[in-house]
Amino acid sequence: MRKEKFRNIAIIAHVDHGKTTLVDAMLRQSGIFRENQEMQDRVMDSMDLEKERGITIAAKNTAVYYHDIKINIIDTPGHADFGGEVERGLNMVDGALILVDASEGPLPQTRFVLRKALAKKLSIILVINKIDRKDARIEEVVNEVYDLFIDLGADEKQIDFPIIYTVAREGIAYNNVGDSSSDLKPLFETIINYIPAPIGDDSKEPQFLVTNLDYDSYIGQVALGRMFNGKLEMSKPYALCSGDAAVKSVRLSAIFTFHGLNKKQVNEVEAGDIIAVSGVENISIGDTITSLENPVPLPGIKVDEPTVSMNFYVNSSPYAGREGKYLTTRHIKARLEHEAFRNVSIRVELTDRADAFKVSGRGELQLGILIETMRREGYELMVSKPNIITKEIDGKLCEPVERVFFDIPEEYMGVVTEKMAQRKGKMENMKHSGTGRVTLEYVCATRGIIGFRSQFLTDTRGLGVMNSIFEDYKEWVGNFKHRFNGVLVADRMGSSNSYAHLAMEDRGELFIEVGTEVYEGMIVGENNRDRDLDVNITKEKKLTNMRSSNSDQTIVLKVPRNLSLDEAIEFIADDELVEVTPKTFRMRKMELDQNKRAVLNKTRDKEESIVVR
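Just so it is clear, the model here is predicted, and its values are computed rather than measured.

For the rest of this paragraph, the subject is the overall build of the protein. Looking only at helices and strands, the protein has 15 helices and 35 strands in total. A buried classification covers 52% of the 613 residues belonging to the protein. Counted over contacts in the protein with a minimum sequence separation of 6, partners at least 24 positions apart contribute 71%. For the protein, the exposed area adds up to about 29100 Å²; of that, 47% sits on carbon and sulfur atoms.

Now the structure itself:
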């Protein structure tokens, strides 16, 4: 039975191709907002981090009406690191708008999200956005999308997709380039005519699959998902089916449907709609709410396995506890368990240390977002360098491999090729655009690109663009260097000063400002050589009768290299940590005492020489 009053769609795209801007325009033109209501740009990016970074991190629901047909829209992230959000969103829909930039064409993340949509046999509408760009190459981009569909093994029905051309920023859509239009009517009409109405039978046993979790300070835990069959009513008891666990009786305290950006409370919902419910304790993603008398659970949600892990430690530095509210093992464990509970692509495991937890995810960006979120919530913690998760396949040790794409000016091709060779990357394609830029395609172990992005931007003077996507697990390619320079390490506690900074300028590049409080074992800069160096960054100038305290006021110091949290996580080595607090973050050695660290380094060097022999 087709529920013609509903359409459920997801909007998928590469990062920054304009999908959230397009959702803004759809909301404006559907009459959801009052004429005089003030509406900010990218309204679906509600998280502070999303607004700051200009990317979508969490999948979010909204709903608009067109000719009395309710269109439920899932705005999904465009980055592969948040693939868990994409996979959950695609479980709720019958079709997808794949958004592609009219100049850049389909990029690596486009391939990732399209592969997921095709695997679920969703109906696809191609939207070519930003057709007003001066460098738009619309026909070429359409052909590239067709090639991508064929490459991903799409069937004949999936390849026969309609194409809509848009300028999302202005809220205009066209059926053909050169048509006249002033709104998104062509897009809405195509959605209604091409995306199939959801299948559902109100007379069957209720089946509500939980695909996302939210929390409301007034009503508590909220479960979001799709109503596949039957109806849910406020007055009836239902069964909660969770994997192999026993069925238990539950009652709903509230039922919601989506209307624009808000949830609308109702007493009953029907099959085919995307809804939210509250009042069910200990509910998890993948659970089914169904009939108590005759429970019919749905298959759980399967997502790709994590490929990268990091260790999260309780902060043990000399400055611990100065800024954070949540410092203890109990606090950090509870927060990580909460994250794993609502995000199925995150794994949290205990370690042999009581104050450490192993957290696994899709990539360093996903874990970096989690760390930044915890920092803003008032947590203090320390994190290790990201490590890849290996597997044994057919008796061989295998590691995750990524397909990496570089778009760079031709003059930087040599340095990028050299750096990728050091990381045992294999070039598979090279294409000159004829505009002075070249596109390189590599297959490289995930280990090789951890920490490489910041070096790449430095090498290309910020003019290069780097994108990567998980390819497969392949045989271990051997060891290679992660970082080619050592670090400058403070040898005592104190406050850095301009005299010591000046003395360090020929030793390397500093990461800290004058006046920064440091402690023994804290990393203050990058050494020019390939070994670590303990330095006195607090050393003061001795004053005599011939020298006064203000005689060096005219000295101009080099501007320190200010690393972001993501860059710090990429920069650290295996024996280093990043200390994260609500106001600051510092890089440090795992072992702070320089004498103990020297003994450990000698032991490590001896073991490595034995292995080489």
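There's more to say after this.
One turn of the α-helix equals 3.6 residues, which is why residues spaced by three or four share an orientation. Buried within helix α10 (residues 413–422) are the following residues: Val-416, Lys-419 and Met-420. When α10 is viewed along its axis, its buried side chains cluster within an angular range of 95° and face the same direction. Those residues of α10 that are buried lie in contact with β24 (396–409), β26 (437–445) and α12 (452–459). Phi turns positive one or two residues past the end of α10, at Lys-424, with a value near 60°.

Given a rise of 1.5 Å per residue, 14 residues ought to cover 20 Å, and the 20 Å separating the end C-alpha atoms of helix α5 (residues 138–151) matches this to within 8%. Along α5, the residues classified as buried are Ile-138, Val-141, Val-142, Val-145, Leu-148 and Phe-149. Looking straight down α5, one finds that the buried residues subtend no more than 115° of arc, so they occupy a single side. Counted as exposed and oriented over 90 degrees from the buried face of α5: Glu-139, Asp-147 and Ile-150. Where α5 is buried, its residues meet β4 (95–101), α4 (108–119), β5 (123–129), α6 (156–159) and β6 (163–167). Immediately beyond the C-terminal end of α5, within one or two residues, lies Gly-153, with a positive phi of roughly 80°.

What follows deals with the packing of α10 against α12. α12 packs onto α10 with a crossing angle of 155° between their chain directions and a minimal axis gap of 10 Å. Classed by the angle they form, the pair α10 and α12 counts as roughly antiparallel. Classified by chirality, the crossing of α12 by α10 is right-handed. Residues Val-415, Val-416, Lys-419 and Met-420 of α10 lie in contact with α12, whose contacting residues are Phe-452, Phe-456 and Asp-459.

Before going further, it helps to examine the sheet that holds β5. The strand order across the open sheet formed by 7 strands is β2-β3-β1-β4-β5-β6-β7, and the pairing between neighbours is mixed. At either end of the open sheet lies a strand with only one pairing partner, and these are β2 (60–66) and β7 (172–174). Averaged over all pairs of adjacent strands, the angle between strand axes in this sheet comes to 30°, irrespective of strand direction. Sheet topology places β2 next to strand β3 (residues 69–75); 7 bridges connect them, and they run antiparallel.

Looking now at the pattern of salt bridges. Note that side chains of opposite charge can pair when their charged atoms are close. With the rule as written, the count across this model stands at 38 salt bridges. The salt bridge involving Glu-526 is made with Arg-561; its shortest N-O contact spans 2.8 Å. Note that Glu-526 is positioned in strand β32 (residues 523–527) and Arg-561 in the loop between β33 (533–535) and α14 (565–571), a separation of 35 residues in sequence. Of the residues examined, Glu-526 reaches a relative accessible area of 15% and is grouped as buried. The partner of Glu-579 in a salt bridge is Arg-586, with the nearest N and O atoms 2.9 Å apart. Within this structure, Lys-3, Lys-5, Asp-202 and Glu-270 form a network of salt bridges that share partners.

Relative to the elements of secondary structure, Glu-372 occurs in helix α9 (residues 364–376). Owing to a relative accessible area of 7%, Glu-372 belongs among the buried residues under this scheme. Only 2.7 Å separates the side chain of Glu-372 from the side chain of Arg-376, close enough to count as a polar contact.

Let us look at the packing of aromatic side chains. Summed over the entire model, instances satisfying the criterion amount to 11 aromatic pairs. Relative to Phe-456, the ring of Phe-452 has its centre 6.1 Å away and its plane inclined at 45°; by these criteria the two rings are tilted. Here Phe-456 and Phe-452 lie together in helix α12, a separation of 4 residues that amounts to about one turn. Side by side, Phe-452 and Phe-456 carry an identical accessibility label, which is buried. When the centroid spacing of 5.9 Å and the interplanar angle of 65° are considered together, the rings of Phe-470 and Tyr-473 count as edge-to-face. Site record: aromatic cluster; members linked through ring pairs are Phe-406, Tyr-442, Phe-452 and Phe-456. The ring centre of Phe-228 lies 4.9 Å from the NZ or CZ of Arg-226, which sits over that ring. Lys-391 extends its terminal NZ or CZ atom over the ring of Tyr-473, reaching a point 4.6 Å from the ring centre.

Attention now moves to the pairing of strand β25 (residues 426–432). One ladder, built from 6 bridges, connects β25 with β26; its direction is antiparallel. Its bridge partner lying in β26, His-432 is registered against Val-438. Counted between consecutive antiparallel strands, the loop separating β25 from β26 contains 4 residues, among which Gly-434 sits at a positive phi close to 85°.

Glancing now at the nonpolar core. Core analysis: the largest hydrophobic core is formed by 44 residues, its most contacted members being Leu-90, Ile-124, Leu-126, Ile-128, Ile-131, Phe-149 and Tyr-165. Those residues within four positions of Tyr-165 in sequence are excluded, and the remaining contacts are Ile-128, Ile-131, Ile-138, Val-142, Ile-172, Ala-173, Tyr-174, Asn-175, Asn-176 and Val-177. Of all hydrophobic cores here, the second largest spans 29 residues; its members include Leu-336, Val-359, Ile-569 and Val-580.

Taking strand neighbours across the sheet as the criterion, the 8 strands line up as β12-β11-β17-β8-β9-β16-β13-β14 in an open arrangement whose pairing is antiparallel. The sheet is open, and its two borders are formed by β12 (248–251) and β14 (262–266), each paired with just one other strand. Geometrically, the sheet is characterised by an average inter-axis angle of 40° between neighbouring strands, direction not taken into account. Pairing of strand β8 (residues 207–216) with strand β17 (residues 288–291), which is carried by 3 bridges, proceeds in the antiparallel orientation. If you follow Gln-207 over to β17, its bridge partner there is Thr-290.

Along the chain, His-501 turns up in helix α13 (residues 498–504). Within the structure, the side chain of His-501 is placed 3.3 Å from the side chain of Ser-496, a separation counted as a polar contact.

For strand β11 (residues 237–241), the buried fraction is high: 4 of the 5 residues fall into the buried class. With 4 bridges joining them, β11 and β12 adopt antiparallel strand pairing. Its bridge partner lying in β12, Tyr-238 is registered against Val-250.

Here the focus is the packing of helix α8 (residues 329–342) against α9. At a minimum axis distance of 12 Å, the contact between α8 and α9 shows a crossing angle of 130°. Here α9 runs oblique to α8, going by the angle between their axes. Crossing of α8 over α9 shows right-handed handedness. In this structure, α8 contributes Ile-332, Arg-335, Leu-336 and Glu-339 to the contact, and α9 contributes Leu-370, Thr-373 and Met-374. Of the residues belonging to the contact of α8 with α9, the class tally is 4 nonpolar, 1 polar and 2 charged.

Calculation notes
Residues numbered from 1 in each chain as written. Predicted model: local features only at pLDDT ≥ 70, side-chain atom pairs only at ≥ 80, totals over all residues. Heavy atoms only, no water. Helix = DSSP H or I, 4+ residues; strand = E, 2+ residues; numbered from the N terminus. Buried < 20%, exposed > 50% of the residue type's maximum accessible area, 1.4 Å probe, protein only. Contact = heavy atoms within 4.5 Å. Areas by Shrake-Rupley, 256 points an atom, 1.4 Å probe, with all protein chains shown as cover. Arc of directions from axis to C-beta. Expected span 1.5 Å × (residues − 1). Axes fitted to C-alpha atoms, helices over the stretch in contact; angles between N-to-C directions. Parallel < 35°, antiparallel > 145°, perpendicular 65-115°, else oblique. Left-handed = near helix turned anticlockwise from the far one by under 90°. Pairing = 2+ DSSP bridges. Salt bridge = Lys/Arg side-chain N within 4 Å of Asp/Glu carboxyl O. Polar contact = N/O pair within 3.5 Å; in protein donor to acceptor, adjacent residues only side chain to side chain. Phe/Tyr/Trp six-rings, centres within 6.5 Å; stacked < 30°, edge-to-face > 60°. Lys NZ or Arg CZ within 6 Å of the ring centre and 35° of its normal. Core = buried A, V, L, I, M, F, W, Y, C linked by side-chain atoms within 4.5 Å. Nonpolar A, V, L, I, M, F, W, Y, C, P; charged D, E, K, R; others polar.

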